[in-house]
Amino acid sequence: MADGVLPMLTRLRRNGVHLAVFLLGAWAWAGGLLPGLIEKWDDIAFLGWQHIELVAVSGGAAILFGVPLGVLLTRPRFRRLGDMALQLLNVGATIPTLAVLALAMSLLGIGNGSAIFALFVASLLPIVSNTMAGLRAVPPHLLEAARGMGLSARHTLLQVELPNSLFVIYTGIRTALAINVGTVPLAFLIGGGGLGELIFTGIALNEFGTMLAGAIPTALLAVLIDFIMAQLQFWTIPRGVNPLR
C-alpha cells in the first residue's frame, strides 16, 4: 500500500503546483498585471539588458579582484594583514548603499561608471571573506601531505587548497551576485539605468503596475543568476570535495 501512496502524493503535489500557477496567472490577468507587463515589454527588455550589463561588469570585476585578493591575504607573507583587511571591508559594508552611490557620483560623476564602482564595492566583501574562509578551512593534514610529496607552494595552492575551498568560494560569489542584482535598481538614482527606472518611476507616479514591471523582472533575474551559479557550483567542483555530489 505504501508503494501506491507515494506516487499518488507526488501526483497530488504536482497537480497542486499546476493549479496554484494557473490561479496566480488568472489573478494577475484579471487584476491587469499581466496586460500591464506585456504593454511595457519593450521597456522591460531594454532596461533589463542594462541591468544585466551592470551586474555582469561590476560582479565580474568583484570576482576577478576579490578572489585573488582573498588568496593573497591567506599567504604566509600577508597573513597578518588578512584580519585587518576584513575589518576594513566590514566597515565599508556597513556604509549604506545610497551613501556609497553618492560618494561614487561625487568622485566619478553621473552615469554607469559611478554605478559600477559602487556595485563593485558592495559585492566585494562576501567574495573576499569566503575565499579566505575556504582556504583557511583546508584540513592541515592535506597541506602536510602535499609538502611531504614535494609540491611547491604554487602547486599546493592550485592542486590542494583551491579545489578544497571552491565550494565556500562559490557560496561567497552567489551571495555577492544576489546582493548585486538587488542593489542595481538604486543605480537609476545616479544615472546608471537598469530596471530601477521602472521601479522608481512607479513609486513617483503611484503606479503599482509600473513598479511591478521593474520589481518582478529584478526578482526573476536574481533567481535565474542564483540557479546558474548553483549549477556551476554543482558541476565544476570535483566530486570528491563537493558535498552536494
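These remarks concern the structure in this document. The shown structure was predicted, so the numbers you read here are calculated from the model rather than taken from an experiment.

What counts and how
- Residues numbered from 1 in each chain as written.
- Predicted model: local features only at pLDDT ≥ 70, side-chain atom pairs only at ≥ 80, totals over all residues.
- Heavy atoms only, no water.
- Helix = DSSP H or I, 4+ residues; strand = E, 2+ residues; numbered from the N terminus.
- Buried < 20%, exposed > 50% of the residue type's maximum accessible area, 1.4 Å probe, protein only.
- Contact = heavy atoms within 4.5 Å.
- Areas by Shrake-Rupley, 256 points an atom, 1.4 Å probe, with all protein chains shown as cover.
- Axes fitted to C-alpha atoms, helices over the stretch in contact; angles between N-to-C directions.
- Parallel < 35°, antiparallel > 145°, perpendicular 65-115°, else oblique.
- Left-handed = near helix turned anticlockwise from the far one by under 90°.
- Nonpolar A, V, L, I, M, F, W, Y, C, P; charged D, E, K, R; others polar.
- Phe/Tyr/Trp six-rings, centres within 6.5 Å; stacked < 30°, edge-to-face > 60°.
- Core = buried A, V, L, I, M, F, W, Y, C linked by side-chain atoms within 4.5 Å.

### Observations regarding the overall build of the chain
Looking only at helices and strands, the chain features 10 helices and 0 strands. Starting at the N terminus and ending at the C terminus, the chain contains elements arranged as α-α-α-α-α-α-α-α-α-α. Per-residue burial over the chain gives 35% buried out of 245 residues. At a minimum sequence separation of 6, the contacts of the chain that also span at least 24 residues come to 71%. In the form shown here, the chain has an accessible surface area of approximately 14,400 Å², with 71% of it arising from carbon and sulfur atoms.

### Regarding the packing of helix α7 (residues 140-148) against helix α8 (residues 153-183)
Running from amino to carboxyl end, α7 crosses α8 at an angle of 165°, the nearest separation of the two axes being 10 Å. Of the possible angle classes, the one that applies to α7 and α8 is roughly antiparallel. For the pair α7 and α8, the sense of crossing is right-handed. Contacts between α7 and α8 involve L142, L143 and A146 from the first element and T156, V160, E161 and N164 from the second. Tallied by class, the residues present in the contact of α7 with α8 amount to 4 nonpolar, 2 polar and 1 charged.

### Examining the packing of aromatic side chains
Counted by the stated rule, this structure contains 3 aromatic pairs. Ring geometry for F188 and F200: centres 6.0 Å apart, planes at 20°, overall stacked. Here F188 is found in the loop between α8 and α9 (196-205), whereas its partner F200 is found in helix α9, with 12 residues between them in sequence. When its relative accessible area of 28% is taken as the criterion, F188 is described as partly exposed.

### Notes on the side chain of T156
Among the secondary structure elements, T156 is positioned in helix α8. Given a relative accessible area of 8%, T156 falls into the buried group. Beyond its immediate sequence surroundings of up to four residues, T156 is in contact with L143, A146, L151 and E161.

### Concerning the environment of A219
Tracing the backbone through its elements, the reader meets A219 in helix α10 (residues 208-236). The class for A219 is partly exposed, based on a relative accessible area of 44%. In this structure, the C-alpha to C-alpha distance between A219 and V181, residues 38 residues apart in sequence, is 8.4 Å.

### Points about the packing of helix α6 (residues 112-136) against α8
Two elements in contact, α6 and α8, have axes whose closest approach is 7 Å; the angle formed by their N-to-C orientations is 155°. Taken as axis vectors, α6 and α8 run roughly antiparallel relative to one another. Judged by the sense of rotation from one axis to the other, the crossing of α6 with α8 is right-handed. Here the residues of the contact of α6 with α8 are counted per class, giving 12 nonpolar, 10 polar and 1 charged.

### With respect to the environment of I179
Looking at where I179 falls in the secondary structure, it is placed in helix α8. Given the relative accessible area of 34%, I179 is considered partly exposed. In the structure, I179 is positioned 53 residues away from P126 in sequence and 9.5 Å away in space, judged by C-alpha atoms. Setting aside anything within four residues of it in sequence, one finds I179 in contact with A122 and P126.

### Some remarks on the nonpolar core
As a rule of thumb, soluble globular proteins bury nonpolar side chains together. In this structure, L124, I127, V128, I173, I225 and M229 are the most contacted members of the largest nonpolar core, which totals 36 residues. Of all the secondary-structure elements, those providing two or more residues to this core are α3 (41-72), α4 (79-94), α5 (97-108), α6, α8 and α10. Per-element accounting of this core gives the leading share, 10 residues, to α6. Not counting the four nearest positions on each side in its chain, I127 is found in contact with A62, I63, G66, V67, G172, I173 and A176. Of all hydrophobic cores here, the second largest spans 5 residues; its members include I44, L195, L198 and A213.

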